[in-house]
Amino acid sequence: MREPTVEHERMSGQILQGLIQQGVRFHQAGNLEEAEKAYRNVLKADPDNAATLYAMGLLARDRGQAETAEQYLQAVLKLKPHSIDCLFSLGLWKQQDGLPQEAVGLYQRVLAIESSNRQALSNLGVAYLDLQQPEKAVDCFQKVLTQTPGHANALNNLGNALKMLHRLPEAINTYRQALQAEPGGADIWSNLGIAQVRANQSNEAIESFEQSLQLDARNCQTWLNLGLIYEERKDFPTALACYRRAMELDPQYPQSYRQLAHLVYQHGEFEGARQGYQAACELEPSQVIWQLQAETLCPIIPASTEQIMEIRSQIEACLQTFTEIPLALNVDQLAESSYEPSFYLPYHGLDDLKLKSDYADLLAKNLPPLSGIRPVKDTLNRQKPKVGFLVTPRHEGIFAKLLGSAIARLSAAKIDAYIICRDEGIAPIKEAAPEAESLRFFTLPNTVRAAVQHIREAEFDVIHYFEVGSDSLNYFLPLYGLAPIQCTSWGSPVTSGLPNMHYFLSSSALETPEHQRYYREKLVLLNALPTYYHRPILPKTLPSRQDFDIAPDTHIYSCLQNSFKLHPDMDSIFAEILSRDPYGELFLLEGHQPEWTELLRDRLRDAMPQDSFNRVRFLPRMPRETFLAFQAISDVMLDPIHFGGGNTTLEGLSFGTPVITMPSEFLRSRVTYGCYQKMGIQDCIARTPQEYVDLAVRLANAPEERQRLKKSILARCPVLYEDTTFIRELEDFFLQAVATYQQ
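Residues numbered from 1 in each chain as written. Predicted model: local features only at pLDDT ≥ 70, side-chain atom pairs only at ≥ 80, totals over all residues. Heavy atoms only, no water.

Caption draft 1: Representation of the overall build of the protein chain within the structure. If you tally the helices and strands in the protein chain, you get 32 helices and 12 strands. Here the protein chain holds 743 residues, and 57% of them are scored as buried. Contacts spanning at least 24 positions in sequence make up 65% of the contacts within the protein chain whose residues lie at least 6 apart. Surface exposure of the protein chain reaches about 31900 Å², of which carbon and sulfur atoms provide 50%. Computed over 70 positive and 91 negative side-chain charges, the separation of the two mean positions in the protein chain equals 4 Å. (Helix = DSSP H or I, 4+ residues; strand = E, 2+ residues; numbered from the N terminus. Buried < 20%, exposed > 50% of the residue type's maximum accessible area, 1.4 Å probe, protein only. Contact = heavy atoms within 4.5 Å. Areas by Shrake-Rupley, 256 points an atom, 1.4 Å probe, with all protein chains shown as cover. Lys, Arg positive; Asp, Glu negative; His and termini not counted. Charge placed at Lys NZ, Arg CZ, Asp CG, Glu CD.)

Right, dumping it as structure tokens:
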């Protein structure tokens, strides 16, 4: 046979190239079978044809054959190790498959060959965002923008990275630059809205979300983001409409069901909320944490003690079920996740140590790692510890009343003290704390990642958490750990259950001899009550009974507490008091939501005769001066059993109003008792529900005895206010805790 000439070889190459192009055309037209035939004909003649191997890889990927696709591209790299197309495609696939770390390595190989490859830089930046490494992402997007200034997609991604770093003003400005380049970018408008929400610019955020929806009215997540703002503003109908619109657009979008469930839960619809959470879980079964959240939900206003016991049994069983199941938490969702144990557990009046500890251990072992963030420091300043008092949004007012003045009065020579809060929280703290001008503040970012990084870098020796578990941020921050020593106190008057919360500050006046058994933390007993509290001042002109539409001969029993504090066991006490005192009227506060009031009203209606129930009055929420005045004109204040008053008790006693209390073994029901211990008064302390009723009815019906008791309270209550002993003991605790840690 004659040897082929050079011309024949060239023609064979042309034929092969023609087959490749034919295969590409079939591929682009979606005719994958014919495309594969063409490619295989090429590979029969030339098994090492890199272009065809690459095309076969793309074809396999389109068929969902990820492993086969990667094998083809790896074969190409053996032939052409510097194939940018091949490395880039592999990086893209890894990104799509949720493997950003592997994608990073592949994009870096592309950039080692061609350092200015804009698409590789852009995708590398996105991979860094997926890895929660926003600093590296910023560098990538800035390099892209150096090549192509004003590139909308790069600016949008840069805004996302800056937002993750909590550099919100820069993020907002960057999104606006992106919109100048692409005014019709619905996703850019939406991202801008999210940044504005985090920067507490809710009016501007509404405008941004609405602009996004004008461009893309079918974006479910944007409707949900808009609804969240209205929910925060307590505009229930508008928030509900936004959530329902998202569900109409995509009935299979699970987040719509979650947010609707959260909304109805806040309005007292316990069963409706559980159903909503379960619906979301069915649509997204991989979200195990949602299932945990659904199964550990507690009713805000329990229907009965039996319901409480049933719920707690379910929670205990649920925690055992989830012990070995990965929860797949996302750190960037934790700050507003509500994944912490139910806020309402402590109001059940039972020992929460095991439930809260089991829950904390489950979440602790599933915490996502924080790559690129420095660990907690391991050396402390023994001479002058740096102490941060951390308070999260919406809790600043009561924090300032209980602790603000104490922090301001700590010795600057002994303690380097800061209040860690949001920038917008500074004003309410300064308003509530008379010595506010001497306070120093440290900004609290609004995401877990940013907060951990920012606070750890400040190298605090001690972090004192005002509350733990009243929101997601003040639960997950200590779970990650911000300082070598972490402590908390009676802001949340129950054990945190966290494995790395080292101390709980309480008082010998508040605890029983078996106190440590209820805490995971090491309990520290101060002699003082753990507060420096300014005695309230009544308005010069007090409202009269007539102003509240109360008859002159009415006996006023007031229990002006949050609705969820009123345990079902309290219902029979209320009923007995009203039954025994025909002149008695019970005054309660309306709930934060009207539905809470109705649930409590229905429960009380079932617990007492109609005549008694007719003498239960719900007062609207009122200005503080009016609230204080009502406590002052009350004949008797009723401290809720199981979870009593703290701030309310300190206010009522300052006016001499007797507060009936029945302490249990738990701190949360012993604050009023502790105040009486400090004052040396025993007259209002009951040991049983019957004694509680007897004391309340007797004092309400005996004006002379009540007046004598009032004089005694007024004479002795000054010991409760502006107690500098607490400040000195707090200083000593910090110094001793640091010394002990160093040992």
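Caption draft 2: Inspection of the environment of Leu667 at higher detail. With respect to the secondary-structure elements, Leu667 resides in the loop between strand E12 (659-660) and helix H29 (671-679). Taking C-alpha positions, Leu667 is 43 Å from Gln133, a pair spaced 534 residues apart along the chain. Apart from the residues lying within four places of it in its own chain, the contact partners of Leu667 are Trp490, Pro493, Phe504, Ser506, Leu510, Glu511 and Tyr519.

Caption draft 3: Local environment of the pairing of strand E4 (residues 462-465). Neither face of E4 is exposed, since Val462 and His464 on one face and Ile463 and Tyr465 on the opposite face are all buried. Where strand E1 (residues 386-390) and E4 come together, four bridges link them in parallel fashion. Of the residues in E4, the one forming a bridge with Leu390 is Tyr465. With four bridges joining them, E4 and strand E5 (residues 485-488) adopt parallel strand pairing. Within the sheet, the bridge partner assigned to His464 lies in E5 and is Cys487. (Pairing = 2+ DSSP bridges.)

Caption draft 4: Structural context of the packing of aromatic side chains. Under the defined criterion, the tally for this structure stands at 22 aromatic pairs. Measuring from ring centre to ring centre gives 5.9 Å for Tyr418 and Phe460, while their planes differ by 85°; the resulting arrangement is edge-to-face. Here the residue Tyr418 occupies a position in strand E2 (residues 416-421), and Phe460 occupies one in the loop between helix H22 (448-457) and E4, the gap between them amounting to 42 residues. Of the two residues, Tyr418 and Phe460, both sit in the buried class. Seen in terms of ring centroids, Tyr475 and Phe476 are 5.4 Å apart; in terms of plane orientation they differ by 85°. Their pairing is edge-to-face. (Phe/Tyr/Trp six-rings, centres within 6.5 Å; stacked < 30°, edge-to-face > 60°.)

Caption draft 5: Spotlight on the sheet that holds strand E6 (residues 503-507). Spatial strand order, E3-E2-E1-E4-E5-E6-E7: seven strands in an open sheet with parallel pairing. Every interior strand has two partners, whereas the edge strands, strand E3 (441-443) and strand E7 (522-526), have only one. Pairs of neighbouring strands in the sheet enclose a mean axial angle of 30°, with direction left out of account. (Axes fitted to C-alpha atoms, helices over the stretch in contact; angles between N-to-C directions.)

Caption draft 6: Representation of the packing of H22 against helix H23 (residues 473-480) in the model. Two elements in contact, H22 and H23, have axes separated by 10 Å at closest approach and are oriented at 50°. Between H22 and H23, the angle falls in the class oblique. Once H22 is placed against H23, the crossing between them reads as right-handed. Counting all contacts with H22, which are made through Val448, Ala451, Val452 and Arg456, the residues of H23 involved are Leu473, Phe476, Leu477 and Tyr480. (Parallel < 35°, antiparallel > 145°, perpendicular 65-115°, else oblique. Left-handed = near helix turned anticlockwise from the far one by under 90°.)

Caption draft 7: Structural context of the sheet that holds strand E9 (residues 584-589). Reading across the sheet, the five strands line up as E10-E9-E8-E11-E12 and stay open at both edges, with parallel pairing between neighbours. The strands lining the two open edges of the sheet, one partner per strand, are strand E10 (616-619) and E12. For strand E8 (residues 555-559) and strand E11 (residues 636-638), the ladder comprises two bridges, and the chain directions are parallel. Considered in E11, the bridge of Ser558 is made with Met637. Lying over the sheet, helix H24 (residues 569-580) contacts E8, E9, E10 and E11, oriented at roughly 150° with respect to E9. Across the sheet, helix H25 (residues 594-607) is in contact with E9 and E10; its angle to E10 comes to roughly 170°.

Caption draft 8: The nonpolar core, seen in detail. Ranked by size, the top nonpolar core spans 181 residues in total, and within it Val448, Phe574, Leu588, Leu638 and Tyr692 carry the most contacts. Discounting residues that sit within four places of it in the chain, Tyr692 has contacts with Met570, Ile573, Ile577, Leu638, Asp639, Ile641, Ile660, Thr661, Met662 and Ala686. Core analysis: the next-biggest nonpolar cluster, separate from the first, contains 56 residues, Ala69, Leu73, Leu158 and Trp189 among them. (Core = buried A, V, L, I, M, F, W, Y, C linked by side-chain atoms within 4.5 Å.)

Caption draft 9: Focus on the layout of surface pockets. Volume-wise, the second largest pocket comes out at about 350 Å³. In this structure, the second largest pocket is lined by 17 residues; those nearest its centre are Gly98, Pro100, Asp130, Leu131 and Gln132. Ranked by residues supplied to the lining of the second largest pocket, first place goes to helix H6 (residues 100-113) with three residues. Looking at the lining of the second largest pocket residue by residue, the classes come out as seven nonpolar, seven polar and three charged. (1 Å grid on protein atoms, 1.4 Å probe; cavity = no way out; pocket = protein on both sides within 12 Å on 5 of 7 lines; lining within 4 Å. Points joined across faces, edges and corners; volume = space filled by probe spheres on them. Nonpolar A, V, L, I, M, F, W, Y, C, P; charged D, E, K, R; others polar.)

Caption draft 10: Highlighting unusual backbone geometry. One non-glycine residue, Arg394, adopts positive backbone phi at about 80°. On the basis of relative accessible area, Arg394 is assigned to the exposed category, the value being 65%.

Caption draft 11: Fine view of helix H7 (residues 118-130). Between its terminal C-alpha atoms H7 stretches 19 Å, which fits the 18 Å expected from 13 residues at 1.5 Å a residue. Those residues of H7 not exposed but buried are Ala120, Leu121, Ser122, Asn123, Leu124, Gly125, Ala127, Tyr128 and Leu129. Buried-residue contacts for H7 involve helix H5 (84-96), H6, helix H8 (134-147) and helix H9 (152-164). Sitting at the head of H7, Asn117 places a side-chain oxygen 3.3 Å from the backbone nitrogen of Gln119. Directly beyond the C-terminal end of H7, a positive phi value near 60° is found at Gln132. (Expected span 1.5 Å × (residues − 1). Polar contact = N/O pair within 3.5 Å; in protein donor to acceptor, adjacent residues only side chain to side chain.)

Caption draft 12: The arrangement of helix H4 (residues 66-79) in detail. In this model H4 runs 21 Å from its N-terminal to its C-terminal C-alpha over 14 residues, within 8% of the 20 Å that 1.5 Å per residue would give. Taken together, the buried positions of H4 are occupied by Ala69, Tyr72, Leu73, Val76 and Leu77. Burial along H4 is one-sided: seen end-on, the buried residues are contained in an arc of 145°. Away from the buried face of H4 by more than 90 degrees, exposed residues Glu67 and Lys78 are located. Taken together, the buried residues of H4 touch helix H2 (32-45), helix H3 (50-62), H5 and H6. (Arc of directions from axis to C-beta.)

Caption draft 13: Broad picture of the packing of helix H13 (residues 220-232) against helix H15 (residues 254-266). Orientation of H13 relative to H15, taken along the N-to-C sense of each, is 15°, at an axis distance of 10 Å. Taken as axis vectors, H13 and H15 run roughly parallel relative to one another. H15 is crossed by H13, and the crossing has left-handed handedness. On the side of H13, the interface is formed by Gln221, Leu224, Leu228 and Glu231, while H15 contributes Gln255, Ser256, Gln259, His262, Leu263 and Gln266. In the contact of H13 with H15, the residues fall into three nonpolar, six polar and one charged.

Caption draft 14: Representation of the pattern of salt bridges in the model. By the definition in use, this model includes 34 salt bridges. One salt bridge in this structure joins Arg422 and Glu424, with 3.8 Å as the shortest N-O distance. Classification of Arg422 as buried rests on a relative accessible area of 14%. Glu424 sits in the partly exposed class, given a relative accessible area of 37%. What emerges from the salt-bridge pattern is a single network uniting Glu36, Arg40 and Arg63. (Salt bridge = Lys/Arg side-chain N within 4 Å of Asp/Glu carboxyl O.)

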